[in-house]
Amino acid sequence: MRLALAAALLATATPVFAQDATAPVLASTEAYRAMAAEGARAPLFARELENARRAVAAGMRAGIDVPVPKDRGGGPTHERHKDNYKLIQLAGTLYRVTGDKRYADYVRDMLLAYAKLYPGLGRHPAAANQVPGRLFWQSLNDSVWLVHAIQGYDAVRGDLTPAERKTIDDQVFRRMAAFLTGEPNTFDRIHNHSTWANAGVGMTGYVLRDRTLVEQALKGSDRSGKVGFLRQLDLLFSPDGYYAEGPYYQRYALQPFMVFAQAIQDNEPERKIFEYRDGIVLKAIRTAVQTTYSGYFFPINDAMPDKSLRTEELYQGVAIGYAASGDAGLLGIAQWQGKVALSPQGFAVARDIAAGKAKPFAFASTLLRDGPEGKDGALAILRSGPEETAQVVVAKNTAQGMGHGHFDKLNWLLYDNGNAIVTDYGAARFLNIEAKDGGRYLPENDSWAQQTIAHNTLVVDETSHFGAKLKPAEAVAPVQLAFKGEGPARWSIGEMAGAYPGVTFRRALVQLDMGAKASPLVLDLLTVKNAGKATYDLPLHFAGHIIDTDLKLASNVTARPALGKANGYQHLWVDATSPLANGQGRVTWITGGRFYTYRMATAGAQAILAESGANDPRFNLRREPVVIQRIEGAGDAVFLSLVEPHGRYDAATETTTNSRSAVTGLSMTEAGGARVATISLTGGRHILVAIATDTNADEAHSVTVNGRKLEWRGPVGRFDGEAGK
């Protein structure tokens, strides 16, 4: 339910298709007046106004520049048109807030310049493998231009002459809307590119009072409802608000989803867009925030690891989400962001932060189902607490994620002490850096980043899941068998069948609390069922520098062979190999002043220490370490591993504590339909973790291990004790 203040501020926009065909419809006159009257008393909003003034003043001094497009992403003309749409939006808002006509004139003159340029543009000269735009190398960027520019135009449109208004309406916005609706591979898809196009065209329809454009945006170019904005809300989000392509693209898609939803609410409140599909738009913003650590999005699938909540998409999303829901936790996120959107909703956020209404966002262990009906696996998030630096385990038991998905079922990530520890490479791309292939995806995105060996999951016979083919990968999803997010032992259990012919593998990740002052241990049990024989690899990609190991390494000190010839293996330098003596081995590294020991207890395995970067003549790959457990010529197989955070290194005082592992042993026993891992600790303590084959939450289990009877209910039981007890 909306807050009363937000309702009074935001629900007064002129209804679409009303008699007054020129009044602002994307933010009301009353809302602008409130921003003008009270904005100075809300420090975050006052700062944004001042930043906008400086940016637009600089743009005015530089003069209007609307160049003929020629560059790829990051190039001069690309960046110029990108800056222009930002200036149009900012200047339009400033005009409404300040009443200074210079801002309206600037928007008018800029758009009249586009009215001369745009009609003569054809396919962008730098177009490549994406649907080409006219202003930009891909049509996606044209849609982004439209979403921003139409908001600035809406703010000044009523104060232009009829001739100016007609010229800009017809030669810029109608032409761009016609271009986008006429590109089915852009407009009529279930994809984030289409979300931006639908939002831009729909908002243009409201501003131009064009019912057809609005209906096309909502229901597809033929208005059948098979595609369009509403169908995207149906198919791109799970019932929990998880976005099909993963957190990185959820961040990117949120802005058009949120700003268009706000436009719909303001102009056609009878559609009840914020109530649509059980409030899916508002669920999406909260879910996006949950899929972050220290503000950064989990970088699964085609993702950049440096994208955080401090982005324009999330400034807009948090503001609209707060205005529509009154969730004070979103104020806490805005406070962390230190920035608000320059909009009525952003003003409401800044005002209420200044009034002391912010509360911490409720970060918690969360199971986010995937797929439109929530039946296509899940993203399982285990948190040791709500704090920013609390430990987080992420189990990627999700569906493929469409064309931006990677081939890595049952992959996992670990965050601890404010840092990424067990990592995901994300995408091989230098976004908007023109010198690196125009900021596009690099060839290594296919040959490395999407391949399974680049992730922390099972690889069979040095080939990727589904042969790295999209269509079969989209046909089969993992099954989330069990999840528990509370208590001293928290777990996720997922299973995958179909990634390889005849192979089923299951993974249990268990987060084990070790006391208030210690980070949890993470136990990883991966079991493989295979009617045939195969070579299995289980990689663990980690961030840090190796400090110590008990492996008997055969090191490659003068020449580094590549691990393989294809499927990502060609991009791994082999630094050293070692058998696991009696199936045991450990590697300790340091990250962010804390030590991490990876302990392996896998019978018949060898360890491979490697690093990405082989066969990379153009230096497109980051150099990152990996330890791989390999079992050769096996049918069924079991991998048991443990990650233990411990100790501290303080560079300022040059002091080190507990740099050596407190775990003295890791072993496993199979009994009574369960596998029981024994974690032995210094001082004679041990922890037993029993993981049942039956994952029914109500099923009672009883097994005896070394004379000790263990009884528990559900798939996982934890038992602490001293040696022999």
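Scroll up for the structure.
The structure presented is a predicted model; accordingly, all values stated were derived computationally and were not measured.

Side note on the pairing of strand E6 (residues 411–416)
- Burial analysis of E6 places 6 of its 6 residues in the buried class, which makes it a mostly covered element.
- Because side chains alternate across E6, one face comprises the buried residues Asn411, Leu413 and Tyr415, and the other comprises Trp412, Leu414 and Asp416, equally buried.
- Note: strand E5 (residues 392–398) against E6, 5 bridges, orientation antiparallel. Bridge pairing in E6 places Val394 opposite Leu413.
- As paired strands, E6 and strand E7 (residues 419–422) are joined by 3 bridges and run antiparallel to one another. By the bridge assignment, Asp416 is partnered in E7 with Asn419.

What about the nonpolar core?
- Judged by nonpolar contacts, the single largest core of 116 residues is most densely connected at Trp145, Tyr153, Phe173 and Phe260.
- Phe173 has contacts with Leu111, Trp145, Leu146, Ala149, Ile150, Tyr153, Ile168, Thr204 and Leu208, leaving out every residue within four places of it along the chain.
- Membership of the second largest hydrophobic core comes to 61 residues, among which are Val422, Val522, Leu538 and Leu551.

Things to note about the packing of aromatic side chains
- As enumerated under the stated definition, the model contains 18 aromatic pairs in all.
- Taking 6.3 Å as the distance between ring centres and 35° as the angle between the ring planes, the aromatic pair formed by Trp145 and Phe173 counts as tilted. Pair noted here: Trp145 is in helix H6 (residues 139–156) and Phe173 is in helix H7 (residues 162–181), with a separation of 28 residues, a long-range link.
- Consider the rings of Tyr248 and Tyr249, whose centres lie 5.0 Å apart with planes at 75°: the pair is edge-to-face.
- What makes Tyr249 buried here is its relative accessible area of 5%.
- In this arrangement the basic side chain of Arg440 is found over the ring face of Trp137, its NZ or CZ atom lying 4.6 Å from the centre.

A short note on the pairing of strand E24 (residues 663–671)
- Relative to strand E25 (residues 674–681), E24 runs antiparallel, the two being bridged by 8 bridges. Each bridged residue has a counterpart across the sheet, and for Met668 the counterpart in E25 is Ala677.
- Counting the residues that bridge the hairpin from E24 to E25 gives 2 residues, and of these Gly672 lies at a positive phi of roughly 55°.

Rules of the game
- Residues numbered from 1 in each chain as written.
- Predicted model: local features only at pLDDT ≥ 70, side-chain atom pairs only at ≥ 80, totals over all residues.
- Heavy atoms only, no water.
- Buried < 20%, exposed > 50% of the residue type's maximum accessible area, 1.4 Å probe, protein only.
- Helix = DSSP H or I, 4+ residues; strand = E, 2+ residues; numbered from the N terminus.
- Pairing = 2+ DSSP bridges.
- Core = buried A, V, L, I, M, F, W, Y, C linked by side-chain atoms within 4.5 Å.
- Contact = heavy atoms within 4.5 Å.
- Phe/Tyr/Trp six-rings, centres within 6.5 Å; stacked < 30°, edge-to-face > 60°.
- Lys NZ or Arg CZ within 6 Å of the ring centre and 35° of its normal.

Purely geometric numbers; function is a separate question.
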